[in-house]
Amino acid sequence: MNPTQTISRNTILDSVRKNQPASQQMPTIPHFHTNMPAGLVATFCESIARMAGVVVADNVPDLDPFLRAKFPDAKVICSATPEYAGTIELASFKHWSEASTIDVCILRSPMGVSETGSILLSDVELQVNTIAFLAHDLVVLLDPKQIVGNIHDAYEHSHFKQRPYSVLMTGPSGSGDINGITVHPAQGVKTLTVILSPSPNAERPG
Amino acid sequence: MSAPVDQAKNAEKFLADTVHEQRLDKLLWAMRMRRDAAARQVPEWEDLRTLASEIKEHTLSNLSDYLIQFEAKATANGVIVHWARDAHEHNQTVYDLLSEQRAETLVKSKSMLTEECELRPFLERRGVRVTETDLGERIQQLDDQPPGHIVGPAIHKTTHDVAVLFSEKYGSDPNNDDPAYLAGVMRENTRPDLLNAPAGMTGANFVVAETGAIVVATNEGNADLSAHTPPLHICSVGIEKIIPTTESLAVFIRLLARSATGEAITQYTSMFRGPRKGAAMHVILVDNGRSERLGMKRFWHSLKCIRCAACMNTCPVYRRSGGLSYGSTYMGPIGIIMMPTFEIRKYSELPFASTLNGSCTNVCPVKIDIHEQIYGWREVMEENGQTPIVKKEAMRVADEMLSHPALYQMATAAVSTALEVLPHFAIYNRLNVWGKHRDVPQAGAETFHAWYKAHRPKANEEVKS
């Protein structure tokens with residue numbers, strides 16, 4: 001740290017120490033499980049639909065015909081899950097901005113959140129973090145057994161304490177900045193489809 | 001020294017344009033209603049508000065320890081942590097980081113702190129081209145206006161305003177005011193900047209001391225793109241944004257979007273803990289008056305704010321006068337209690353832009369006693385001789401009246417008659433700033449005192465509850 005930085009740091013910390021009020025107790029934070037929704041999967045589906053996400057609850061045994069039917073014009077399909085072979089290798093991206101060439105991105109999320117309809121992604125699942133933002137359409141596989149109740153449960157996932165990057169993603173990008181009406185897309189993906197699909201390596205979240 | 005911002009006078013311009021005024025009022029009230037509906041769906045809502053308030057008070061009262069903990073953790077994660085005493089130090093640090101990379105362009109997501117520090121003009125004067133990637137913020141940048149609202153910076157503009165602006169700046173169809181079309185125009189025009197910029201910048205909604213994490217909540221995906229597409233991510237953070245743990249973060253995430261827009265969560269709630277391989281991540285911890293505010297016994301609670309804007313959406317003065325009328329970075333009820341700590345004279349009139357109805361306090365997710373602080377600031381202005389003359393005179397009259405009960409009763413009994421007989425100018429004059437543009441409600445035929453005298457129980461009567 002350069003000398004100016006050291007002065008700034010010490011000045012700020014001295015001023016904070018001098019001015020901070022008498023120490024107050026940290027409260028105990030409950031998980032509020034008494035108010036949990038009855039059906040985690042059903043509530044997850046309702047929650048994500050409110051945020052313009054699409055859920056496919058029926059079994060999709062073969063992803064290829066599903067993707068071809070849903071995205072007939074897609075040429076570049078990028079897969080970050082070994083469950084599907086895409087048309088482009090993640091390793092081919094020299095710069096992360098090159099992910100903007102992707103039409104459809106498919107990957108697997110390790111956790112869903114019933115309360116909000118969110119799915120968790122981190123640099124582990126994404127590998128190239130921009131693929132879930134620069135692609136036109138995003139398809140996420142999620143094991144229904146890996147849906148947790150609320151945000152308190154969600155933040156217990158180890159990703160939040162271990163990974164350099166993690167995101168709770170809830171629907172495609174949107175903006176309500178013009179006239180208060182939320183429209184899609186904004187800067188990120190145009191659509192988000194979550195396929196409820198048992199994980200080949202099923203394990204509980206976190 | 002700056003002249004005081006005359007919020008009431010500025011509001012007159014906004015009020016003169018009934019299309020914008022009525023639209024904003026309706027739009028923000030709808031947001032307030034959505035916030036109420038969202039809160040009702042969470043049975044533990046009030047418990048969460050109490051917890052959020054207690055967590056913030058705990059953190060702020062142990063702030064030095066948490067700042068040190070965050071610094072150690074973030075550094076261990078590979079983040080380079082900087083400290084800035086004021087806006088200039090912050091801006092200079094950003095510029096130095098950009099210069100080291102020879103970065104002449106910067107993409108950034110919305111950050112009220114960078115507005116507070118006036119970063120954009122600072123960088124632009126030094127030849128750095130800045131692109132705001134949040135739709136509302138970009139609209140305001142293109143229109144050369146500051147944000148009018150801390151969540152929806154361009155909320156005061158109609159779709160037609162935006163269509164005309166985009167047509168001028170981007171050559172789009174001026175007659176197409178469909179918000180989806182306009183968002184598409186923004187996407188098309190901003191994407192090349194996002195893909196090619198050598199540096200990106202974000203603010204932070206929360207900073208987690210335990211893990212060294214920066215948490216950013218957005219709907220557009222622009223913060224994640226600004227942080228991850230370029231090889232350099234700079235993050236500006238006010239020192240009051242720290243919370244202790246990931247466990248405590250859950251409380252705030254459950255409150256934030258519901259309080260702001262009525263949604264359960266934002267589309268993207270992102271956590272940045274360290275740089276990716278081959279890239280750099282810098283965090284600038286900014287004081288800029290915050291540590292001093294922490295020592296203000298009456299006002300330090302305003303540092304609990306999580307910038308949801310619920311207090312603005314519910315405030316009748318804000319809804320009717322628009323955010324730009326406050327002439328300040330932070331506006332509405334929360335702005336009223338924050339801005340005087342930056343420059344007391346310049347913002348000396350803001351505490352009077354309130355009806356003190358307490359609605360702001362009732363909706364605040366971290367239980368800041370906003371309306372009481374507004375009243376407190378009025379007292380400070382009075383003590384410091386900063387009270388505007390018209391308001392001072394009105395307060396002197398009120399003080400005289402309230403200290404003489406008989407005089408007060410006589411005056412209230414006369415109101416009904418007075419409203420009928422007094423000429424318009426006597427009611428709607430300069431001494432009654434809020435009488436302008438407002439109809440004084442019809443006074444009741446009977447005063448409360450007269451009613452109570454007629455109905456009060458006799459000494460031997462039982463009072464029915």
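Residues numbered from 1 in each chain as written. Chains lettered and ligands numbered in written order. Predicted model: local features only at pLDDT ≥ 70, side-chain atom pairs only at ≥ 80, totals over all residues.

Details of the overall build of chain B
Let me state the cut-off plainly: Helical segments are the DSSP runs of H or I of at least four residues, strand segments are the runs of E of at least two, and each set is numbered from the N terminus. Neighbour density around each residue's C-beta defines its exposure: 20 or more other C-beta atoms within 10 Å make it buried, 12 or fewer make it exposed, and counts between make it partly exposed, where C-beta atoms are placed from the backbone. Contact between residues is assigned whenever the C-beta positions, reconstructed from backbone atoms, fall within 7 Å.
The helix and strand inventory of chain B stands at 22 helices and 10 strands. Relative to its 465 residues, chain B shows a buried fraction of 49%. Once local pairs closer than 6 in sequence are excluded, the contacts in chain B between residues at least 24 apart make up 74%.

Observations regarding the overall build of chain A
The secondary structure content of chain A amounts to seven helices and nine strands. Seen through its principal axes, chain A has C-alpha atoms that stretch 65 × 45 × 45 Å. When each of the 206 residues of chain A is scored for burial, the buried share is 50%. Restricting the contact set of chain A to residue pairs at least 6 apart, pairs at least 24 apart contribute 74%.

Remarks on the interface of chain A and chain B
For clarity, the threshold we go by: Three categories are distinguished: nonpolar for Ala, Val, Leu, Ile, Met, Phe, Trp, Tyr, Cys and Pro, charged for Asp, Glu, Lys and Arg, and polar for the others, with Gly belonging to the last. In this scheme, strands are said to pair when DSSP sees at least two bridges between them.
Listed by partner, the interface residues are 62 residues for chain A and 77 residues for chain B. Residue assignment for the side of chain A that touches chain B shows that the elements contributing at least two residues are helix H1 (3-19), helix H6 (151-154), helix H7 (159-162) and strand E8 (165-169) of chain A. Broken down by element, the side of chain A that touches chain B gets its largest block of residues, 11 residues, from H1(A). Grouping the amino acids of the side of chain A that touches chain B by side-chain chemistry returns 25 nonpolar, 29 polar and eight charged. As judged from the five bridges shared by E8(A) and strand E9 (residues 268-272) of chain B, these two strands associate in the antiparallel manner. Bridge assignment links A:Met169 to a residue of E9(B), and that residue is B:Tyr268.

Some thoughts on the pairing of E9(B)
Residue and element names in this part refer to chain B. The buried count for E9 comes to five of five residues, which makes it a mostly enclosed element. Alternating positions in E9 separate into two faces, Tyr268, Ser270 and Phe272 on one and Thr269 and Met271 on the other, with burial throughout. Here strand E6 (residues 213-218) runs beside E9; their pairing, made up of five bridges, is antiparallel. Residue pairing in the sheet places Val215 in a bridge with Met271 of E9.

What to know about the sheet that holds strand E2 (residues 77-79) of chain A
By way of backbone hydrogen bonds, the strands of a sheet pair with one another, either parallel or antiparallel. Residues and elements named next belong to chain A. Selection rule: Angles run from 0 to 180 degrees between N-to-C directions of axes, and those axes are lines fitted to C-alpha atoms, restricted for helices to the stretch in contact.
Taken in spatial order, the five strands line up as E1-E9-E6-E3-E2 in an open sheet, and their pairing is parallel. At either margin of the open sheet sits one strand with a lone partner, and together these are strand E1 (54-56) and E2. Mean inter-strand twist for the sheet, computed between neighbouring axes without regard to direction, equals 20°.

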